[in-house]
Amino acid sequence: MYTEFEIRQLPLSLKNVREKVSNFLKNNDLKLEDIDSYFGVFALDGSEILAGGGYKDNLIKCIAVDSRYRENALSNRLISHLISSIMAEGYANVKVFTKPSNADIFESFGFKTIARSRSAILMDNNPTGISSYTEYLSAFQRSGNNGAIVMNANPFTKGHRHLVEQASKMVDNLYVISVKEDKSLFSYPQRYEMIQRGCRDLKNVMVCHGSEYVISSATFPTYFIKEVTDATEAQIELDLSLFTEYIAPALNITTRFIGSEPQDLLTRQYNRKMKELLPQNNIKVIEVERIKLKEEGEVISASSLRRELENNNFEGAAKFAYSTTVPYLISYLATRALRLELETTPKPGLVDKADSGAHRDMNYKMMNECIEIMRSYTDKFSLLGYTSQIPDIEEIIKTGEEAQNALLEHTKGINTYKGALLCLGLGVISASLSYCKEEKIESKVWREFIIKLAKHLPEGKGTHAQKVKEKYKISSALDNARAGYPLLFEKWIPFYCNNIKDEHCLLKTILLIMSTLEDTNVYYRGGEKGAEMVKKSAEEVLNDFSVEKVKE
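This one's a predicted model, so the numbers in the text were calculated from it and none came from an experiment.

The subject of this paragraph is a negative patch on the surface. On the surface, Asp392, Glu394, Glu395 and Glu401 cluster together into a negatively charged patch. As for its placement among the helices and strands, Glu395 is situated in helix H13 (residues 393-411). For Glu395, a relative accessible area of 33% translates into the label partly exposed.

This part is about the pairing of strand S8 (residues 146-151). Across the six residues of S8, six count as buried, placing the element largely inside the fold. A two-sided burial pattern is seen for S8, the buried positions comprising Asn146, Ala148 and Val150 on one face and Gly147, Ile149 and Met151 on the other. Bridge count for S8 against strand S9 (residues 173-178) is six bridges, and the pairing is parallel. Considered in S9, the bridge of Ala148 is made with Tyr175. The β-α-β motif built from S8, the intervening helix H5 (residues 158-168) and the parallel element S9 has right-handed crossover chirality. Examined bridge by bridge, S8 and strand S11 (residues 253-259) share three bridges and lie parallel to one another. Pairing of Gly147 across the sheet is with Thr255, part of S11.

What follows deals with the packing of helix H4 (residues 129-138) against helix H7 (residues 232-251). With their axes 7 Å apart at the nearest point, H4 and H7 run at an angle of 35° to one another. Of the two possible hands of crossing, H4 and H7 adopt the one that is right-handed. Residue-level inspection shows Ile130, Tyr133, Thr134, Leu137 and Ser138 of H4 in contact with H7, the latter providing Leu242, Tyr246, Ile247, Ala250 and Leu251. Of the residues assigned to the contact of H4 with H7, the class counts are eight nonpolar, two polar and no charged.

What follows covers the pattern of salt bridges. In this structure the tally under the stated criterion is 37 salt bridges. Here Lys56 ties to Asp36 by a salt bridge, and the two come within 3.3 Å at their closest N and O atoms. Taken together, the positions of Lys56 in strand S3 (residues 51-56) and Asp36 in the loop between helix H1 (15-27) and strand S2 (37-43) put the pair 20 residues apart, joining distant regions of the chain. Owing to a relative accessible area of 18%, Lys56 belongs among the buried residues under this scheme. The shortest N-O distance in the salt bridge between Arg118 and Glu233 comes to 3.1 Å. Here the residue Arg118 occupies a position in the loop between strand S6 (112-116) and strand S7 (121-124), and Glu233 occupies one in helix H7, the gap between them amounting to 115 residues. Residue classification places Glu233 among the partly exposed positions, given a relative accessible area of 29%.

Moving on, we get to the environment of Lys508. The residue Lys508 is located in helix H19 (residues 505-516) in this model. Using a relative accessible area of 16% as the deciding quantity, one classes Lys508 as buried. A C-alpha to C-alpha distance of 6.3 Å links Lys508 and Leu542, two positions 34 residues apart in sequence. In this structure, Lys508 is in contact with Phe495, Asp502, Leu542 and Phe545, ignoring residues within four places of it in sequence.

Moving on, we come to the sheet that holds strand S12 (residues 284-288). Strand order in the open sheet formed by five strands is S10-S9-S8-S11-S12, with parallel pairing between adjacent strands. Among the strands making up the open sheet, the edge pair consists of strand S10 (205-208) and S12. Recorded for the sheet is a direction-independent mean angle of 25° between the axes of neighbouring strands. Relative to the sheet, H5 contacts S8, S9, S10, S11 and S12, its axis offset from that of S8 by approximately 170°. Along the sheet face, helix H6 (residues 188-199) touches S8, S9 and S10 and points at about 175° away from the line of S10.

Conventions adopted
- Residues numbered from 1 in each chain as written.
- Predicted model: local features only at pLDDT ≥ 70, side-chain atom pairs only at ≥ 80, totals over all residues.
- Heavy atoms only, no water.
- Patch = residues over 30% accessible without salt bridge, like charges linked within 9 Å, V, L, I, M, F, W, Y side chains within 5 Å.
- Areas by Shrake-Rupley, 256 points an atom, 1.4 Å probe, with all protein chains shown as cover.
- Salt bridge = Lys/Arg side-chain N within 4 Å of Asp/Glu carboxyl O.
- Lys, Arg positive; Asp, Glu negative; His and termini not counted.
- Charge placed at Lys NZ, Arg CZ, Asp CG, Glu CD.
- Helix = DSSP H or I, 4+ residues; strand = E, 2+ residues; numbered from the N terminus.
- Buried < 20%, exposed > 50% of the residue type's maximum accessible area, 1.4 Å probe, protein only.
- Pairing = 2+ DSSP bridges.
- Right-handed = clockwise from strand over helix to strand, strands pointing away.
- Axes fitted to C-alpha atoms, helices over the stretch in contact; angles between N-to-C directions.
- Left-handed = near helix turned anticlockwise from the far one by under 90°.
- Contact = heavy atoms within 4.5 Å.
- Nonpolar A, V, L, I, M, F, W, Y, C, P; charged D, E, K, R; others polar.

Right, dumping it as structure tokens:
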């Protein structure tokens, strides 16, 4: 029997280590799940795992102790180490997904069982966690026949709206709870806001914030990878246990509404378990049939919408979206365009995955972080444009200044995407205006709105661009916008569309832009000779293209 032990972190990225941990867990009737870190307990200088456990975010998982050493209190040392590691990463509380037989061990560390299934329990060491959330929900409670919908809405579609609308007709009050976990294409704040906007006209519908106690990585991790595993049924039962014991009583819910699921196996299994378990707790389950697109007959789903977005098909995505969601699609595609530009490698003189080009104070990581910051502001721009009239110019300028200040604060004064703020700001506002007017983004109308907006924007004073404009008598970025971006619409977009199937399409489009644009930044850095050199060399490489020549 060993008397001295040590705890080691096991790097699961190494194939032989991962196999060793998997075999250890298999011998203890467990399976290796998705985790951030895993630790093993070993005898000093030993190589055999005597006990092990890991965590994902603030959830302890995959705890096992070799049956020969269960009297050595190894689990106590291991759990203490895991809790300390999780807290060191900034989490205020810790949860554990484990077998009911391990309850006593975790109770000695202050954990409390908050949900139970036939084969697993969920425990929490936060004494006020679930009660704080139910207290929040209770403030929404109204008397009458109350129903609930839990939705991720990634993003909010016509299908989500149909479900809410139909459910709202069957109850006095309907509570829509937004899934809070941030593992979706659209962030939680975006999804919550989309649900709010999409339900605003339904007077008996209240949108509530989600929490880690409603479809989260702690209660239902396989939901976010859309994969049915051996643990899925236990996770579903835990999630529904939390709903029946805490969520439903807080809102006095007697009915839960779900949409039919013709495609996703995991959601179908979740729906089936709801129909089985919730009525046992006096909660009816009503399934609302999914709606289809009128023309194609395709079932409306968020996954179909996201597929169209990934294919750069805005009109295809918009067909599935509820009207109030459209500005978020425009905003998403705008920042996705920025990311595609950043990731295009190699790019002469510009920041890419390989290097920082001529920008010694910038790098790929910084630019990526700035795109994330930009996204909340492109949302604001797009929402400003989603109107039947030209939005307030002062509000546009204010939003642009807020965005620029946020970027400068993050980069500590380095000017990263100032030009993109002007182009994308005008672009998404005008695209939203165009869609609101025509229910499509038609280039002629889009361009007209850009011109109208740009004419109201003030000239920059004392900027590098203004100095270059006066010295070399060339157009500034604002001048280009006021002219309706002639090169963009007449040359660059047609070129891009004609070469869309070329694997180097993005790189060639950048070369075309470099060969034709009077770029004030290039003039400022290299003068007239430098600008001509850039245009000429870009044209030569484009006409006799190879990646090696671009690198050279």
